[in-house]
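# Coordinate analysis (summary)
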Amino acid sequence: MLVHREHLLGLFVLLLTFYRKGALFSIPFGFYWIINTPGFQRVFTEHVYPKFARIVRHFQEKGELAELPVDSVMRLTITSLAGFLAARFLLLPDHHWDDEAEMERTIHVLMNGLRR
């Protein structure tokens, strides 16, 4: 499972790096604008979604992911990542966050749910 955790951690680090370098501009407007452009939607449906679906099915076949529809797995993953970003950068940007710990907790919930 360490490999899966590392992939998610890499995504978080990449997003935080972009934010710290000022590349993530006006997140609410920028996010809305990006996801509502035909180019983004086309790239997502033609490239991102098929790869994500393949990865999900692969790990479901290995018994490492719950047998949920791929769309649900994608939605739950996006929701967790978006929630992390919204809380961190929009709702409480001046809060004293421990970014490393928050990334680890989000990854833990994605991989294990909220069970103990």
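Scroll up for the structure.
Attention now moves to the packing of helix H3 (residues 38-61) against helix H4 (residues 70-91). It is the contact of H3 with H4, at a shortest axis distance of 10 Å, that shows an interaxial angle of 105 degrees. By the criterion of interaxial angle, the relationship of H3 to H4 is roughly perpendicular. Residues Phe 44, Tyr 49, Phe 52, Ala 53, Val 56, Arg 57 and Gln 60 of H3 form the contact with H4, whose own contacting residues are Val 70, Asp 71, Val 73, Met 74, Thr 77 and Ile 78. When its residues are assigned to classes, the contact of H3 with H4 shows 9 nonpolar, 2 polar and 2 charged.

This paragraph deals with the side chain of Thr 77. If you trace the backbone, Thr 77 turns up in helix H4. In contact with Thr 77, other than residues within four places in its own chain, are Phe 52 and Leu 110.

What follows covers the packing of H4 against helix H5 (residues 99-112). The N-to-C vectors of H4 and H5 enclose an angle of 160 degrees; their axes lie 10 Å apart at closest approach. Considering the angle they form, H4 stands roughly antiparallel to H5. In this structure, H4 meets H5 at a crossing whose hand is right-handed. Where H4 approaches H5, its residues Leu 76, Thr 77, Ser 80, Phe 84 and Arg 88 are matched on the opposing element by Asp 99, Glu 102, Met 103, Thr 106 and Leu 110. Looking at the contact of H4 with H5, its residues break down into 4 nonpolar, 3 polar and 3 charged.

Criteria and cut-off values
- Residues numbered from 1 in each chain as written.
- Predicted model: local features only at pLDDT ≥ 70, side-chain atom pairs only at ≥ 80, totals over all residues.
- Heavy atoms only, no water.
- Axes fitted to C-alpha atoms, helices over the stretch in contact; angles between N-to-C directions.
- Helix = DSSP H or I, 4+ residues; strand = E, 2+ residues; numbered from the N terminus.
- Parallel < 35°, antiparallel > 145°, perpendicular 65-115°, else oblique.
- Contact = heavy atoms within 4.5 Å.
- Nonpolar A, V, L, I, M, F, W, Y, C, P; charged D, E, K, R; others polar.
- Left-handed = near helix turned anticlockwise from the far one by under 90°.

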